[in-house]
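# Examination of the molecular architecture
Given next are the chains, with one letter for each unit.
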Amino acid sequence: ELSQAPPPRQAVLTIGVFDGVHRGHRHLISTLTEEARRTGCLPVVVTFRNHPASVLRPGSAPLPLTTFDERVQLIRGLGVGLVSPVTFDLALSTLRAGAFIARRQRPLGMGGLGGGADFAMGQRREADVDALRALGREMGFALSVVEPLFDDGLEVRSTNIRRAVASGDVETASRLLGRPMALTGT
């Protein structure tokens, strides 16, 4: 799903679902975008078209906060240089972290990777921040860890927004999202 043409310069990537593109996501993406610009790199967001749980635990995937198209539009509005969609499937779920990174490193010119303090990737989330730092030394990319964003003691994350929506607390959901809560669909 990656373009055959390499990006015009080295890239700093962040990888995830980014459902809702909430204030926490925007904090992460803006931090990495600033870092990329400071180092002359291209800020790239790799986002999964579908939630990994839809493949790993069918029937238990969380209800989405945004459609895929809305998510891409919101991410593009953050000033990133490239949004790279990836479909999460069974084959992808079996990839070790190094293999997943290798598949993105060359076509995207990846020189840096960023994520939150609880960022993990690879088969069964095998590679946590420490493992990714070691992998970065081995594969030639730098890892940046961005601390989570809190709002009145509550971590800004999709799970907490879904809980607020499920309990009818649209005010908290909107505050964590950083915009009015809205749903698209039939």
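Here, the structure is the one placed above.
Since this is a predicted model, take the numbers as computed values, not measurements.

### Considering the environment of Thr172
Along the chain, Thr172 falls in helix α8 (residues 170-177). Filtering out sequence-adjacent residues up to four positions away, Thr172 remains in contact with Leu154 and Ala164.

### Considering empty space enclosed by the protein
Evaluated as defined, the whole model comprises one cavity of 30 Å³ or more. As a volume, the largest cavity reaches approximately 40 Å³. Around the largest cavity, the lining residues are Val12, Thr14, Ile29, Leu32, Thr33, Pro43, Val44, Val45 and Val80. Elements with a contribution of two residues or more to the lining of the largest cavity: β1 (11-16), α1 (23-38) and β2 (42-48). For the lining of the largest cavity, the residue count by class is seven nonpolar, two polar and no charged.

### Description of the layout of surface pockets
Roughly 1400 Å³ of volume is contained in the largest pocket. Looking at the largest pocket, it is lined by 46 residues, and the ones nearest its centre are Gly16, Val17, Phe119, Ala120 and Arg125. Secondary-structure elements contributing two or more residues to the lining of the largest pocket are β1, α1, α2 (53-56), α4 (90-93), β4 (110-116) and α7 (158-166). For the lining of the largest pocket, the element with the most residues is α1, which contributes four residues.

### Quick notes on the pattern of salt bridges
Tallying each qualifying case throughout the model produces six salt bridges. Residue Asp19 is joined to Arg162 by a salt bridge in which the shortest nitrogen-to-oxygen separation is 2.7 Å. One end of the pair, Asp19, is in the loop between β1 and α1; the other, Arg162, is in helix α7, with 143 residues separating them in the sequence. Here Asp19 and Arg162 have matching classes, each one buried. Among the salt bridges present, the one from Arg96 reaches Glu126, with a minimum N-O distance of 2.4 Å. With Arg96 in the loop between α4 and α5 (97-108) and Glu126 in the loop between β4 and α6 (129-139), the pair connects residues that are 30 residues apart, well separated along the chain. Note on Arg96: relative accessible area 52%, which makes it exposed. A cluster of three or more residues bridged by salt bridges with shared partners is formed by Arg23, Asp151 and Arg175.

### Quick look at the nonpolar core
Ranked by size, the top nonpolar core spans 27 residues in total, and within it Leu13, Ile15, Phe48, Ile101, Leu113, Met121 and Leu132 carry the most contacts. Secondary structure elements with two or more residues in this core: β1, β2, α5, β4 and α6. In this structure, Val21, Leu28, Ile29 and Val146 belong to the second largest nonpolar core, which totals 15 residues.

### Some remarks on the packing of α7 against α8
Between α7 and α8, the shortest axis-to-axis distance is 7 Å and the interhelical angle comes to 155°. With respect to α8, the axis of α7 lies roughly antiparallel. Remark: the crossing between α7 and α8 carries left-handed chirality. On α8, the residues that touch Asn160, Ile161, Ala164 and Val165 of α7 are Thr172, Ala173, Leu176 and Leu177.

Rules used in this analysis
- Residues numbered from 1 in each chain as written.
- Predicted model: local features only at pLDDT ≥ 70, side-chain atom pairs only at ≥ 80, totals over all residues.
- Heavy atoms only, no water.
- Helix = DSSP H or I, 4+ residues; strand = E, 2+ residues; numbered from the N terminus.
- Contact = heavy atoms within 4.5 Å.
- 1 Å grid on protein atoms, 1.4 Å probe; cavity = no way out; pocket = protein on both sides within 12 Å on 5 of 7 lines; lining within 4 Å.
- Points joined across faces, edges and corners; volume = space filled by probe spheres on them.
- Nonpolar A, V, L, I, M, F, W, Y, C, P; charged D, E, K, R; others polar.
- Salt bridge = Lys/Arg side-chain N within 4 Å of Asp/Glu carboxyl O.
- Buried < 20%, exposed > 50% of the residue type's maximum accessible area, 1.4 Å probe, protein only.
- Core = buried A, V, L, I, M, F, W, Y, C linked by side-chain atoms within 4.5 Å.
- Axes fitted to C-alpha atoms, helices over the stretch in contact; angles between N-to-C directions.
- Parallel < 35°, antiparallel > 145°, perpendicular 65-115°, else oblique.
- Left-handed = near helix turned anticlockwise from the far one by under 90°.

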